[in-house]
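# Structural characterization, general
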Amino acid sequence: MLTANPNISDFRPVIRQLDESAVNRIAAGEVVERPASAVKELVENAIDAGARNITVEYADGGKTLVRVQDDGCGMTAEDLPLALTRHATSKIDGSDLLNIHTFGFRGEALPSLGAVGRLTISSRTPGGEGIELSVSGGRTSPVKPAARNTGTTVTLRDLFYATPARLKFLRTDRAEAKAITDVIKRLAMAEPFIRFVLREVSGDSKGRETFEAPAEQGDLFDALHGRLTRVLGREFAENALPVDAQREGLHLTGFAALPTYSRGSAVAQYLFVNGRPVRDKLLIGALRGAYSDFLSRDRHPAAALFIECPPEQVDVNVHPAKSEVRFRDPGLARGLIVSALRHALAEAGHRASTTVSGATLGAMTPETAGARVYQMDRPGALVRGASYAAQTPQFSETSAPWGRVETGPDTAPDQPAQDFPLGTARGQVHENYIVAQTAKGMVIVDQHAAHERLVYEKLKAQMAENGVASQALLIPEIVELSAGDCARLLDATEDLAGLGLVIEPFGGDAVAVRETPAVLGEVNARAMVLDILDELADQNWSDTLRSRIEAILSRVACHGSIRSGRRMRAEEMNALLREMEATPHSGQCNHGRPTYVELKLSDIERLFGRT
């Protein structure tokens, strides 16, 4: 590139046919990026072979050893050499590349691994003889007998020894081991009825088991919940909502976490299409869009979602590592994810994640210098009543829950206060926090954040019912665009009109903006159109306009809600609690923060050493 004309030369280039070894090494560059890529290909082969138990061993981050052992159908002496030739596979016949029901189908993984490392495969079919074959740098040895059980074991040593330049681009052993673990966990989530074991055998050690997922039992939802509990942790399982929705041949299942169980990055987002783990921009954007109304930009939702559809509706052959897919109708897939997740979140009502109360208890727990030297048991109800009666009359009057606030008129006489999910208000602290008593503990409510969410939900409901009012521009804004951008924008005019933005063609490649959403006030129409076009070009849909409208509604809700520092009467506090219980999404404010914290009585007693 430093020469004036780098592509001009007196020598005519000659086209050459590359030899088989070079072809395999080039293919390995696409398929095998790092040790985790090799693990992924080999484990997917084991799953396709019908294995019920899969064990993976690695050493030095997979750089010196990767071994995958399964109890699948195995291979015969005739099949094994053929499996090491390019584009030889038992999974498709080549007649229909869209009707794919397996993880693998190209027949590239094994020959690519044999071209860049030292590969040994031993296998045995049920009732057959054990066999073994080795490949080193693309050179294959003859098949020989081997003593083994039914199944297949693939051992890959010295990855990239034949292409040492690739070794320089690998990361540390710990980073490569983490990538291997991530691959196994994703595949374990996709196949809850298969047992997975991951073992590190670096150095002279006999092996250290770093991950195990026993085969789950029960129906698909129970098995998936059990597997997610083991892979993602009990906290995720406790705060995840089941998702089950169908639309026009697409079936979405899985679990999505509550907005208050959000993460600082997108590390807890797991997406699968027909059982295949993918990192697809369309699906990630849909997941983000579903939570856009509940989380701030610096927080990310946690979810494990599975889309099942006929193979003809999705193309999995669009990425060398098959980590991306292309839907025949992308809008259908995105709409299904957004609507299903929002429906699940709405059904959760005022529920907030258990991690909120856990963090609160952690902040309240004092640091102890040594072991506790006392133990206090909580007396029963009868004992407490007798104790109260034996003391002063003024104290005995407090045998029922008591506080500064009396029970409001909205509470029916025949209905105990504790029957309400958020309890009954017993007091107000610092003119900002409502303290309520429930049947099993207490609730602390941020009155401003809670009322802000309630007002916001009302404004959204009004907008959905009456539509977005638009204001006509006295002089239409003319925006000049490229031919592609103009066509892309005009295709979305119907959706934009529903949000109050009316756009019409203006001859050539220009458009005229005639109306804008009234709630936005005075806007830069050209800048807004260009922002919408950027999103349409990037992800085939745009949330810019809706996000701006909802941001305005959020600000209106903030200014129209109960302010911090206002003293509330008993009936006002109880009315707020009842409205929270009846309003979806009231468990978090407009920025994703919790609106209330619930503390169980057992947790409170533990703070005081009563357990």
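Residues numbered from 1 in each chain as written. Predicted model: local features only at pLDDT ≥ 70, side-chain atom pairs only at ≥ 80, totals over all residues. Heavy atoms only, no water.

Okay, the overall build of the protein next. Assigned secondary structure in the protein consists of 19 helices and 23 strands. Sorting the 611 residues of the protein into buried and exposed places 46% on the buried side. Excluding contacts between residues fewer than 6 apart, the proportion of contacts in the protein whose partners are at least 24 apart in sequence is 69%. Counting only carbon and sulfur atoms, one obtains 52% of the accessible surface of the protein, whose full area is about 31500 Å². (Helix = DSSP H or I, 4+ residues; strand = E, 2+ residues; numbered from the N terminus. Buried < 20%, exposed > 50% of the residue type's maximum accessible area, 1.4 Å probe, protein only. Contact = heavy atoms within 4.5 Å. Areas by Shrake-Rupley, 256 points an atom, 1.4 Å probe, with all protein chains shown as cover.)

So, on to the packing of helix H8 (residues 281-290) against helix H9 (residues 330-347). At a closest axis distance of 9 Å, the pairing of H8 and H9 adopts a crossing angle of 30°. As summarised for this structure, H8 and H9 are arranged roughly parallel, according to the angle between their axes. For the element pair H8 and H9, the recorded crossing hand is right-handed. On the side of H8, the interface is formed by Leu282, Leu283, Ala286, Leu287, Gly289 and Ala290, while H9 contributes Pro330, Ala333, Arg334, Ile337, Val338, Leu341, Arg342 and Leu345. (Axes fitted to C-alpha atoms, helices over the stretch in contact; angles between N-to-C directions. Parallel < 35°, antiparallel > 145°, perpendicular 65-115°, else oblique. Left-handed = near helix turned anticlockwise from the far one by under 90°.)

A few words on the packing of helix H13 (residues 447-466) against helix H18 (residues 570-582). Between H13 and H18, the shortest axis-to-axis distance is 10 Å and the interhelical angle comes to 50°. The pairing of H13 with H18 is recorded here as oblique in orientation. Two packed elements cross with a definite hand, and for H13 against H18 that hand is left-handed. The segment H13 lies against H18, with Gln447, Ala450, His451, Leu454 and Lys458 engaging Leu576, Glu579 and Met580. The residue inventory of the contact of H13 with H18, partitioned by class, reads 4 nonpolar, 2 polar and 2 charged. (Nonpolar A, V, L, I, M, F, W, Y, C, P; charged D, E, K, R; others polar.)

Moving on, we get to the packing of aromatic side chains. Under the defined criterion, the tally for this structure stands at 3 aromatic pairs. Each ring, one from Phe272 and one from Phe306, has its centre 4.4 Å from the other, and the planes form 5°; the classification is stacked. Separated by 34 residues along the polypeptide, Phe272 in strand E12 (residues 269-273) and Phe306 in strand E14 (residues 303-308) bring together distant segments of the chain. Sitting over the ring of Tyr161, Arg118 keeps its end group 3.8 Å from the ring centre. Its guanidinium or amino end placed over the ring of Phe420, Arg578 lies 3.8 Å from that ring's centre, counting from NZ or CZ. (Phe/Tyr/Trp six-rings, centres within 6.5 Å; stacked < 30°, edge-to-face > 60°. Lys NZ or Arg CZ within 6 Å of the ring centre and 35° of its normal.)

The final tally for this structure, using the stated rule, is 26 salt bridges. Between Glu209 and Arg199 there is a salt bridge; the shortest N-O distance is 3.6 Å. Pair noted here: Glu209 is in strand E9 (residues 208-213) and Arg199 is in strand E8 (residues 195-200), with a separation of 10 residues, a long-range link. What makes Arg199 partly exposed here is its relative accessible area of 22%. Across the pair Arg569 and Glu572 runs a salt bridge, and its minimum N-O distance is 3.8 Å. (Salt bridge = Lys/Arg side-chain N within 4 Å of Asp/Glu carboxyl O.)

Working definition: the strands of a sheet are paired by backbone hydrogen bonds and lie parallel or antiparallel to each other. A sheet is described by the order of its strands in space; here 5 strands give the open sequence E10-E11-E14-E12-E13, paired in mixed fashion. Two strands lie at the open edges of the sheet, namely strand E10 (240-247) and strand E13 (276-278), each paired on one side alone. Mean inter-strand twist for the sheet, computed between neighbouring axes without regard to direction, equals 20°. Seen against the sheet, H8 touches E12, E13 and E14 and runs at an angle of roughly 130° to E12. This element, H9, spans E10, strand E11 (250-257) and E14 of the sheet and lies at about 140° to E10. (Pairing = 2+ DSSP bridges.)

For Glu457, the location among the structural elements is in helix H13. Filtering out sequence-adjacent residues up to four positions away, Glu457 remains in contact with Thr583, Pro584 and His585.

Mean pLDDT over the protein: 81, with 81% of residues reaching 70 or higher. Contacts from residues 368-376, a stretch scored under 50 in pLDDT, to residues over four places away or in other chains number 10 contacts. (pLDDT = per-residue confidence, 0-100.)

Moving on, we get to the sheet that holds strand E23 (residues 596-600). Here 4 strands make up an open sheet; going across it, the order is E17-E18-E19-E23 and the pairing antiparallel. Only two strands of the sheet have a single neighbouring strand rather than two, namely strand E17 (424-429) and E23. For this sheet the average axis-to-axis angle between neighbouring strands, irrespective of direction, equals 20°. Note: strand E19 (residues 441-446) against E23, 5 bridges, orientation antiparallel. When the sheet's bridge partners are listed, Gly441 is paired in E23 with Lys600. Docked against the sheet, H13 engages E17, strand E18 (433-438) and E19, running at close to 70° with respect to E19. Across the sheet, H18 is in contact with E17, E18, E19 and E23; its angle to E17 comes to roughly 120°.

A few words now on the nonpolar core. Burial of nonpolar side chains together is a common tendency in soluble globular proteins. Counting residues in hydrophobic clusters, the biggest one holds 60 residues, and the most contacted among them are Val43, Ile54, Leu119, Ile184 and Phe196. When residues of this core are assigned to their parent elements, the largest contribution, 9 residues, is made by helix H5 (residues 173-190). If sequence neighbours within four positions are ignored, Val43 has contacts with Ile54, Val56, Val68, Ile184, Leu187 and Phe196. Counting 37 residues, the second largest nonpolar core, distinct from the first, contains Val273, Leu283, Val314 and Leu336. (Core = buried A, V, L, I, M, F, W, Y, C linked by side-chain atoms within 4.5 Å.)

Further remarks concern unusual backbone geometry. Residue Phe160 is not a glycine yet carries a positive backbone phi of 70°. Position of Phe160 relative to the elements: it lies in the loop between strand E7 (151-157) and H5. One non-glycine residue, His585, lies in positive phi territory at about 65°. If you trace the backbone, His585 turns up in the loop between H18 and E23. Judged by relative accessible area, which is 8%, His585 ranks as buried.

Relative to the assigned elements, Arg118 resides in strand E3 (residues 118-124). Look at Arg118 and you get partly exposed, because its relative accessible area is 35%. Setting aside chain neighbours within four positions, we find Arg118 in contact with Val135, Ser136, Thr155, Leu156, Arg157, Asp158 and Tyr161. At a separation of 3.5 Å, a polar atom in the side chain of Arg118 contacts the side chain of Ser136. A distance of 3.0 Å separates a polar atom in the side chain of Arg118 from a polar atom in the side chain of Asp158. (Polar contact = N/O pair within 3.5 Å; in protein donor to acceptor, adjacent residues only side chain to side chain.)

Two elements, E10 and E11, share 8 bridges in a ladder whose sense is antiparallel. Counted as the bridge partner of Gln246 is His251 from E11. Taking the residues that link successive antiparallel strands as the turn, the E10-E11 hairpin has 2 residues, and the phi of Glu248 there is positive, at about 50°.

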